[in-house]
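If you want the building blocks of each chain, they are given just below.
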Amino acid sequence: MTCLEAQSNIMAFVDKKLDDDRTKDFVRHMKHCDNCAEELEIYYTLIVGMRQLDNNEELSHDFKKDLHDELTRIENRAKNAKRFKLSTFGIVFTAAVIGFFLFYSSVLNKVYTIEQNIIKAEQGDYYFYNHFSKYIDITTDDVIVRSKEMNKPIEKSFYQKIHSYNITHPVWTDISYEEE
Ligand SMILES: [Zn+2]
């Protein structure tokens, strides 16, 4: 905010007609610019004093202090708002970080468990082979399946079936027996 802007906002400030952002900028300027602060003090004393007279209120003893208190109050309110925003951000950020680490460690945990299981399984296999191979004939073949394959009856073709049927059922000789 420039000095010109600040000074043109003095009336609106005293009337409390500036929005929050402009009020913040205005107060910040007044805290750092002695010229404008002096200008504000004069206008503040004049306007507030005349209003108090108009309304038959008791005149303030210290306009300068009133103004200073008012500026400080606005400044603190802005600081608190900022602090609240920061702390909200902080909480959300911390929660996100914690959440990420929980997720990450659970994934690591799962990977670790899987690795351990693989290692255990491998160790189990080795243990089994090392200790029992003497007693058991370990083979990669499925012995039962192989023996079934070997003992399966050979499929006959259709003509072979007729042939074997004819041999076991001699039709013509039957007829000749009947004739005798
Ligand atoms: Zn200024």
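This text goes with the structure placed above it.
What you see as residue numbers is a count from 1 along each chain, following the sequence as written. Reporting of local features is limited, given that this is a predicted model, to residues whose pLDDT is at least 70; pairs of side-chain atoms are given and counted only at 80 or more, and all residues count toward the totals for whole chains, interfaces and linings. Side-chain calculation: all heavy atoms of the structure are included, whereas hydrogens and water are not.

Break down the coordination of the zinc ion for me, citing the residues and quoting the values.
Angles between donor atoms at a metal ideally measure 109.5 degrees for a four-coordinate tetrahedral arrangement and either 90 or 180 degrees for a six-coordinate octahedral one. Each metal site is built from N, O and S donor atoms within 2.8 Å (3.2 Å for Na, K and Ca), and since water is not included, such sites may look incomplete. The coordination sphere of the zinc ion contains the protein donors C3 (SG), H29 (NE2), C33 (SG) and C36 (SG), at a distance range of 2.0 to 2.4 Å. Square planar and octahedral sites, with four and six donors, are those where opposite donors lie more than 155 degrees apart and all other angles lie between 65 and 115, tetrahedral sites have four donors with every angle between 85 and 135 degrees, and the rest are irregular. In this structure, the zinc ion is surrounded by four donor atoms whose angles at the metal cover 102 to 114 degrees, and the resulting shape is tetrahedral. Mapped onto the polypeptide sequence, the residues donating to the zinc ion form the spacing pattern C-x25-H-x3-C-x2-C. Of the two residues examined, H29 and C33, each falls in the buried class. Note on classification: 1.4 Å probe, protein chains only; a residue is buried when its accessible area is under 20% of the maximum for its type, exposed when over 50%, partly exposed between these limits.

I'd love a proper account of the packing of aromatic side chains, names of residues and values included.
Ring pairs shown here join Phe, Tyr and Trp side chains whose ring centres sit within 6.5 Å, with only the six-membered ring taken for Trp; geometry is labelled stacked below 30 degrees between planes, edge-to-face above 60, and tilted in between. All told, the structure shown has five aromatic pairs when counted by the stated rule. Taking 5.9 Å as the distance between ring centres and 20 degrees as the angle between the ring planes, the aromatic pair formed by F89 and F93 counts as stacked. With a gap of four residues between them, F89 and F93 both fall in helix 5 (residues 63-132), about one helical turn apart. A ring pair is formed by F100 and Y104, whose centres lie 5.9 Å apart and whose planes are at 15 degrees; its orientation type is stacked. Placement of both F100 and Y104 in helix 5 is noted, with a separation of four residues, approximately one turn of the helix. In this structure F100 comes out as partly exposed when scored by relative accessible area, which is 49%. A run of DSSP states H or I qualifies as a helix once it reaches four residues; a run of E qualifies as a strand once it reaches two. Both are numbered from the N-terminal end.

Lay out the packing of helix 3 (residues 20-32) against helix 5 with the relevant residues and their values.
Here an angle of 0 to 180 degrees is reported between the N-to-C directions of two axes, which are lines fitted to C-alpha atoms, with helices fitted over the stretch in contact. Axis separation between helix 3 and helix 5 bottoms out at 10 Å; the angle between their running directions is 125 degrees. Taken together, the axes of helix 3 and helix 5 are oblique relative to one another. Classified by chirality, the crossing of helix 5 by helix 3 is left-handed. Facing helix 3, whose interface residues are D20, T23, K24, V27, M30 and K31, helix 5 presents H68, L71, T72, I74, E75, R77 and A78. Nonpolar residues are Ala, Val, Leu, Ile, Met, Phe, Trp, Tyr, Cys and Pro. Charged residues are Asp, Glu, Lys and Arg, and all others, Gly as well, are polar. Its residues assigned to classes, the contact of helix 3 with helix 5 shows five nonpolar, three polar and five charged. Should an angle fall under 35 degrees it is taken as roughly parallel, and over 145 as roughly antiparallel, whereas 65 to 115 is taken as roughly perpendicular and any remaining angle as oblique. Helix crossings fall into two classes, left-handed where the near helix is turned counterclockwise from the far one by less than a right angle and right-handed where it is turned clockwise. A contact between two residues is defined here by any heavy atoms of the two lying within 4.5 Å.

Just give me the short version of unusual backbone geometry, but keep the residues and values in it.
The backbone of K16 shows a phi angle near 55 degrees, a positive value even though the residue is not glycine. Counting through the fold element by element, K16 comes out in the loop between helix 2 (10-14) and helix 3. Taking relative accessible area as the criterion, K16 reaches 60% and is therefore assigned exposed. Of note in the backbone geometry, N56 takes a positive phi value of approximately 55 degrees without being a glycine. Its place among the elements puts N56 in the loop between helix 4 (34-54) and helix 5.

What is shown is where atoms sit, not what they do.
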